Amino acid sequence: MTQVRMGFEAETIRVPIQSILPTRLVSQEVLQSVKYQAILASIRELGIVEPLAVHPEKRINGDAQHFILLDGHLRLEALKELGDQEVVCLVSTDDEGFTYNRQINRVSAIQEHKMILAAIKKGVPAERIAQVLNVNVDRTHERQHLLDGIAPEVVELLKDRMIGRQVFRVLRKMKPMRQIEAAEMMLSANRFTQSYVDMILVATRSEQLIDKKKTKHTEVTPEDIAHMELEMEKLHHDYQLVEETLGETMLVLVVAKGYISRLIRNEAI
């Protein structure tokens with residue numbers, strides 16, 4: 001039986017900031033951006049909630065071990081500016097910086113929810129959290145209860161996806177098993193908009209809804225249908241693009257595989 005290799009070590013570790021090697025330079029323009037200032041204010045007030053992702057660099061000539069930073073460049077710069085000496089890190093079992101950073105480059109709604117809960121647990125007032133996130137207090141309370149009524153499996157599936165908060169309001173109308181099915185459909189289609197999840201809601205049987213008395217069809221307006229049709233058009237267009245380029249992509253891969261195989265077999269190289 002093939003053993004599945006874990007992408008990250010089970011336990012986080014504390015790493016000296018001076019031992020972390022960034023894989024890209026953060027420009028002064030980025031350091032002056034609103035996004036960076038929000039991250040800086042968040043870490044100052046709430047601390048680091050999402051650990052940095054690192055990969056241990058191989059030891060050379062017995063030198064002290066360093067760690068290659070896979071994700072968290074802005075957080076690292078903020079920690080340096082705040083004068084921190086260590087940071088909690090997730091240790092990757094593979095140097096997968098490209099794929100990791102391609103998938104995770106902003107704070108998702110679920111990650112933000114976890115940050116708010118962690119801050120409240122530390123005793124940070126809701127008013128202070130609202131100030132850091134640049135929202136009103138009511139929005140902070142709303143984000144605090146973002147995942148109420150959402151199945152844990154759905155949270156795990158969507159934790160790294162950029163999803164609007166209104167999507168969770170729609171998911172909340174479904175029973176847990178239907179929520180999981182909806183999340184899997186969203187992942188398969190790579191669609192995380194409200195109109196797409198509204199379409200899933202319309203296709204949901206009444207016994208899969210929390211409130212069976214509500215007829216889902218009466219809640220759908222012509223504008224909703226128009227949005228759904230637009231989503232389906234986009235999905236169909238994406239499918240056609242993949243279908244059109246599949247043959248060419250397979251040909252390139254086959255040629256590349258043959259070339260690499262010849263290189264490997266060539267003892268002179």
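Computed from a predicted model, the values in this text were never measured in an experiment.

Draft legend 1. Broad picture of the packing of helix α2 (residues 34–46) against helix α3 (residues 73–82). Taken N-terminus to C-terminus, the directions of α2 and α3 make an angle of 60°; their axes are 9 Å apart at the nearest point. As the angle between them shows, α2 and α3 are arranged oblique. Relative to α3, α2 is oriented so that their crossing is right-handed. Residues Lys-35, Tyr-36, Ile-39, Leu-40, Ile-43 and Arg-44 of α2 form the contact with α3, whose own contacting residues are Leu-74, Arg-75, Glu-77, Ala-78, Leu-79, Glu-81 and Leu-82. Considering only residue class, the contact of α2 with α3 consists of 8 nonpolar, no polar and 5 charged.

Draft legend 2. Representation of the nonpolar core within the structure. One finds Val-154, Leu-158, Phe-168, Leu-171, Met-174, Met-186 and Val-197 to be the most contacted residues of the largest nonpolar core, which totals 25 residues. Counting only elements with at least two residues in this core, the list comes to α8 (152–158), α9 (165–171), α10 (176–189) and α11 (194–202). What Val-154 contacts, discounting residues up to four positions off in sequence, is Leu-171, Gln-179, Ile-180 and Ala-183. Val-15, Ile-43, Val-54 and Cys-89 belong to the second-largest nonpolar core, a separate cluster that totals 20 residues.

Draft legend 3. Geometry of α2. In a regular helix each residue adds 1.5 Å, so 13 residues correspond to 18 Å; α2 covers 18 Å between its end C-alpha atoms and thus fits that length. Among the residues of α2, the N-terminal cap falls to Ser-33, whose side-chain oxygen and the backbone nitrogen of Tyr-36 are separated by 3.3 Å. Two residues or fewer after α2 comes Gly-47, characterised by a positive phi angle close to 85°.

The rules we used
Residues numbered from 1 in each chain as written. Predicted model: local features only at pLDDT ≥ 70, side-chain atom pairs only at ≥ 80, totals over all residues. Heavy atoms only, no water. Axes fitted to C-alpha atoms, helices over the stretch in contact; angles between N-to-C directions. Helix = DSSP H or I, 4+ residues; strand = E, 2+ residues; numbered from the N terminus. Parallel < 35°, antiparallel > 145°, perpendicular 65-115°, else oblique. Left-handed = near helix turned anticlockwise from the far one by under 90°. Contact = heavy atoms within 4.5 Å. Nonpolar A, V, L, I, M, F, W, Y, C, P; charged D, E, K, R; others polar. Core = buried A, V, L, I, M, F, W, Y, C linked by side-chain atoms within 4.5 Å. Buried < 20%, exposed > 50% of the residue type's maximum accessible area, 1.4 Å probe, protein only. Expected span 1.5 Å × (residues − 1). Polar contact = N/O pair within 3.5 Å; in protein donor to acceptor, adjacent residues only side chain to side chain.

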